[in-house]
Structure formats: C-alpha cells, structure tokens
Amino acid sequence: MVPNKKTPLPPGRRGPRRRLSLTLALAAATALAAAGCGLGSSDSKGSSGEPPHGGSMTILMPGEERGLDPFTASYSSIADSNRLSALYDVLVWTDPTTGGVRPKLAESLVSDQTSRIWTLTLRPDVRFTDGSLLDAGTVKANWEAHRDPSVRSLVGGPLQKVQLTEVSALQLKIELPSPNANFDHTVARNLSFVAPRRLAATPEGRFELKHAPVGAGPFKLKSWEPGKELRLERNPQYWQHDRPYLDEVVFRVDKDAESGNKTIRAKRADLTLSTDPQGIAQARADGLVVEDARLNGGLMVAFNVRKGPFQDPNARRAVTLALSSTEINRRFYGGRDDSARGIFDASSPLANVNLAAPENRPEEARALFAQITANGRKSFVFRYLVPDAGKMRDTAEYIRQTLEGYPGVTVIVEVTDMASLVTRLAGNDFDATVCQLWADDVEPTIYQFLYSKAGLSNITGYANDVVDAALEDGRRSTDAASRRDAYTRLQNQVNRDLPFWVYSSAVIGAVHRSDVVGIQLYNDGLIHFDAIGRR
C-alpha cells in the first residue's frame, strides 16, 4: 500500500519528515552543481522583500504565443505558460527546490491509500474576471475538454479513462485507471490552468478563449498584438485581495534571446527568461540579478526510431559516440554548463549519479560507421530538423561537420520555424531533431516522453518494456530511494538503446533588474505573478 499522500503545506509551514530530508538533499546537490558550472545560486538579495503596490513591468519572451487558452497553448515556461500563469493562476504548483507540490487556487489535492483515487478541494469564493465562480464543475469541464480528441490538447493524454465526479461544489473526485502516487505532479504541470465553465465546455467558448482569455489570475487582458505584445492589467477581483502588487504586466516578444541582457541593462525591459547557461552567467557578470533552477531534461538530439536510418540502434550509437557534449559546451556555451550526463540532472534526488550516457568515443564511432557504410562505399544519409534559432543552428552545423568527417556519412540540416517543426514532429516527418525538455520531476514530462503508449508526447517512437515497467514503478511510489531505484533501471536501458542524446543540461533563469522583487520560480520556470513587484 502506498501511504496517504497530501499536497505539501503552504510556505512557512513544515511538511512531513520525508519531504524535508528530500529537500535538504536536493538543495545541497543543487548548490554543488551550480557552483561547478558558474551558474551560482539564486541572487535572493535582489528579489526579497514585499514590494509596494503599483507600477508596470515589461517582460521579454523569446517565443510568440501559440495560444492564450489552456487547450492550445504551449506548456513551456519560455513559450506560453508564464502568460497563462498571469491570466489564470494555478490550481497547484511544483516547488523545484523541494520537489513538492503546493496548493494555490486549490486548498488540497489528496490521494487515498491506493493512490488511485484523488480528491481536489478548491478554495471558496474564487471568481473569474467575468464574475463566474471557480467550482468543481468548472475543473471537470476543463479536464473533459482536454481529453476530447477534437480539441487536440497537447496535455490531455493522462486524463484518458479517468473518471471525474463532482462530490460537492468545491470537491472533485478523480478516479485513475491505475495507481499513480505522483498524479499531483501531472496536475501541477499540465492541468492547473482553468477557464470558466461556459467557455471551456463548448467549441464556441474555446474559440472565444483563443482571442479573449478569461481567467482567475492576478491579471486580466488589456490589449494584445499577437506575435508582438501582450498587455495585462491588475485583476480587481483576484482572490488574494491585497494582490497583485503591480498595476500592469507587459509581455513583449523578442526572438533574439541573446539580446535580452543588453535590453534589461538599457532599462528597456525589466525581466527575461533564459535557458542559456552562458547568457545566465553573463547576466551576473553584467550586474543583473538571476533566479535560477536546475531541471531534468535539457537540449538533445532525438532520433526517430519508428522508421528510417535510426531504426538501427548501431546508427544511433555511432552518432552519439562521434559527438561530445563537452565540446558543444565549450564552443557554444562558453564552458559555463556541466557536461550533460543524460536526461537526469546530477542535482536530482531521482538520478543515479554514477551513470552517464555514452558519448565522445570517436574510434568506436568510426568502427560502427564503417560497418554501416561498408567502409564508406555505401551512403548513410539522414535529415536533422532544427528550429530557426541561433545556437541551435550553430550546434547543428557543428554536428553536421563532425559526422561528415566519417566516410559515407551525410547530414542534411533542415531549418524551419517552430510551428512547422511541431507539425512535422506530429506527422513523424523527420529522421532526427533537436528536442528541448525541462522537467522538475519524471512525472509527467519524462514519463510521457519515454512511455511507449504516450502518443504524440513520445516523439521518438521509443518502446521498451524495461523502461515502461520502470516508469510505472516510479509513479507508484513517493519514496525518493524507491523511485531512484526504478529510474536507475530506466537510465541503464536508455543508455543501451540511445533513443536520444542530451548535449546540454537543463537550466532556467529569470534575469532581471535589481529593483524587481518577489521572483520565485515554480514548475519548469514559471513565475508567481501575484508576488512580483518593484521597489
């Protein structure tokens, strides 16, 4: 039996001893890992203290909006999720420094002894900006929309075969098809943005949300120029009556991510989010303040194992052994990043730090390529699909040049816009691609990336019974040691099969001016917009 699991207590109150020991271990590992790569710890002096009310803040975002409704948006911190956080707030959230899930619009998210039945209890008197109440029926309508195939939600997979029952106006019973002791992580990451029932329940309402989002968050829509600027104003009906502190938040699209530090120093913006360890380190050197978090995942080459050249495991192994994450780090990240060791970050309590994915063995790669190409007499050609972004293009060119140093190998680098890339991945139209993954926990992101029956989330098409069993074992427990044992089996098998190769570890940093306060990152790098302000 899995122990009864409750959502951890709000900040300032101590949770169970198990959570506390996990927190201390993770905090220590994070500090050591950050010191080794030049990222440093969060500059808490720059963002502490309660801000006064009033003022505006401009935030640079590297990506355009895919959508501002919970159903079509991109659930990434550097894409749409931070905009959604400001508009909708969240039911629950994950603290990356502890691994615990905490309540916000919800009062609690509790499982029974089997971890198959969960109960979500909402705060009373939470209203959307249209005046409607947040209740159990609202959450049910949103989650049912997510799992409706016609909606084409990117996060609805975990809700298939889940039974949802309104127990009371503020309580929703969630019956899972099988035990999942970490279902609260799935809610925190993928199911926490909720729209009014009248809009979530119908195609017409969901279409309206795309153009005029309505949430229960600290801010509401003021004006929007898609692809350019989103301007939000204070929500006077916000459930925390003394918040938010700011009167206005402006999100401005800036595709030139490397210029963000300069723009902030010039006082033309106040904050940006970065996943570039070199840019984060440079921001500190320039006197800016950074709050950062280490995550699992990272930047990786993902192989399509369903068809084409990378159905052959020797082809995947040859490519990874020919390449070096240390060299990529030196060339493109100024040596600021740790050499990646796989999909788990060394700071994670779920990682086996003694394991590392194979790479940088050029002579072994040469022998494998010689077999594949019959000593260069037979061509080995593959298409490498990458988005139109500076360092990704440069890294792709390094990969091409390195691999084409082996006789018979040809790499065709295909550069495309992000929307086309997503479409091609969904259509299985690639041989290899660059993949960005930021995961505060295996659940749900890494689970969906590797589980054989995860659908579109498993972009590589990888299927292995050992990995599936390890993922299932890991999700049935909340004990860090038991989960680490399960994921050690996963790491060992993935290191043999190599459906992907991580070349840069995952970090997210909020870079900002010193007069910005109240920054606390959650999930994979989201901001609590009710807490931020200026001093």
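To be clear, the structure that these remarks concern was listed above.
Remember, predicted model here, so these are calculated numbers, not experimental data. (Residues numbered from 1 in each chain as written. Predicted model: local features only at pLDDT ≥ 70, side-chain atom pairs only at ≥ 80, totals over all residues. Heavy atoms only, no water.)

Peer 1: Tell me about the nonpolar core, residues and numbers included.
Peer 2: One finds Leu91, Leu120, Trp143, Ile174, Phe251 and Phe529 to be the most contacted residues of the largest nonpolar core, which totals 74 residues. Residues within four places of Leu120 in sequence aside, it is in contact with Leu91, Ala106, Ser108, Leu109, Val139, Leu170, Gln171, Leu172 and Ile174. (Core = buried A, V, L, I, M, F, W, Y, C linked by side-chain atoms within 4.5 Å. Buried < 20%, exposed > 50% of the residue type's maximum accessible area, 1.4 Å probe, protein only. Contact = heavy atoms within 4.5 Å.)

Peer 1: Requested: an account of the packing of aromatic side chains, with residues and values cited.
Peer 2: Scanning the model with the defined rule gives 16 aromatic pairs in all. Ring plane angle 70 degrees and centroid distance 4.9 Å describe the contact between Phe310 and Phe382, whose orientation is recorded as edge-to-face. Within this pair, whereas Phe310 is found in the loop between strand 12 (289-303) and helix 9 (313-322), its partner Phe382 is found in strand 13 (residues 380-387), the two being separated by 72 residues in sequence. For Phe310, a relative accessible area of 0% translates into the label buried. Exposure remark for Phe382: the relative accessible area of 3% places this residue in the buried category. (Phe/Tyr/Trp six-rings, centres within 6.5 Å; stacked < 30°, edge-to-face > 60°. Helix = DSSP H or I, 4+ residues; strand = E, 2+ residues; numbered from the N terminus.)

Peer 1: Tell me what's going on with the sheet that holds strand 11 (residues 271-274), and back it up with residues and numbers.
Peer 2: One open sheet holds the 10 strands; their spatial order is 8-9-10-1-11-16-12-15-13-14, and the pairing between them is mixed. Because the sheet does not close on itself, it has two edges, and the strands there are strand 8 (219-225) and strand 14 (409-416). Adjacent strand axes in the sheet meet at a mean angle of 25 degrees, parallel and antiparallel pairs treated alike. Packing against the sheet, helix 13 (residues 418-426) makes contact with strand 13, strand 14 and strand 15 (432-439), and its axis sits at approximately 130 degrees to strand 13. (Pairing = 2+ DSSP bridges. Axes fitted to C-alpha atoms, helices over the stretch in contact; angles between N-to-C directions.)

Peer 1: An account of the pairing of strand 14 is needed here, citing residue identities and associated values.
Peer 2: Here strand 13 runs beside strand 14; their pairing, made up of 8 bridges, is parallel. Across the sheet, residue Pro387 finds its bridge partner in strand 14, namely Thr416. With helix 12 (residues 390-403) bridging strand 13 and its parallel neighbour strand 14, the resulting β-α-β unit is right-handed. (Right-handed = clockwise from strand over helix to strand, strands pointing away.)

Peer 1: So what about helix 10 (residues 325-332)? Which residues, and what values?
Peer 2: Residues spaced three or four apart along an α-helix face the same direction, because each turn holds 3.6 residues. All of the buried residues along helix 10 are Ser325, Ile328, Asn329 and Phe332. Seen along its axis, helix 10 keeps its buried residues to an arc of 100 degrees; they face one direction. The elements touched by buried residues of helix 10 are helix 8 (277-285), helix 12 and strand 16 (500-512). For helix 10, the N-terminal capping position is held by Ser324, with its side-chain oxygen 3.3 Å away from the main-chain nitrogen of Thr326. (Arc of directions from axis to C-beta. Polar contact = N/O pair within 3.5 Å; in protein donor to acceptor, adjacent residues only side chain to side chain.)

Peer 1: Quick one: what's the story with unusual backbone geometry, residue by residue and with numbers?
Peer 2: Note that the residue after Arg243, namely Pro244, is joined by a cis bond; omega there is 0 degrees. Relative to the helices and strands, Pro244 resides in the loop between strand 9 (229-234) and strand 10 (248-253). Located in the positive-phi region is Leu498, a residue other than glycine, with phi close to 50 degrees. With respect to the secondary-structure elements, Leu498 resides in the loop between helix 16 (480-497) and strand 16. By relative accessible area, which is 2% here, Leu498 ends up buried.

Peer 1: Summarise helix 8; cite the residues concerned and give the values.
Peer 2: Those residues of helix 8 not exposed but buried are Pro277, Gly279, Ile280, Ala281 and Ala283. Contact partners of the buried residues in helix 8: helix 7 (260-265), strand 11, strand 12 and strand 16. In the segment just after helix 8, Gly287 is the residue with positive phi, at about 90 degrees.

Peer 1: Could you give me a rundown of the pattern of salt bridges, with the residues and numbers involved?
Peer 2: This structure, assessed with the given rule, holds 36 salt bridges. Where Arg231 meets Glu229, a salt bridge forms, and the shortest distance between an N and an O atom there is 3.0 Å. Look at the salt bridges and you will find they share partners, linking Arg383, Glu414, Arg424, Asp429 and Asp431 into a network. (Salt bridge = Lys/Arg side-chain N within 4 Å of Asp/Glu carboxyl O.)

Peer 1: An account of the sheet that holds strand 6 (residues 163-168) is requested, with residue identities and associated values reported.
Peer 2: Spatial ordering of the open sheet is given by 4-5-7-6, a layout of 4 strands whose pairing is antiparallel. For this open sheet the edge positions go to strand 4 (106-111) and strand 6, each flanked by a neighbour on one side alone. Each strand of the sheet is rotated relative to its neighbour by a mean of 20 degrees, with strand direction disregarded. Running at roughly 170 degrees to strand 6, helix 3 (residues 136-146) makes contact with strand 5 (117-122), strand 6 and strand 7 (171-175) of the sheet.

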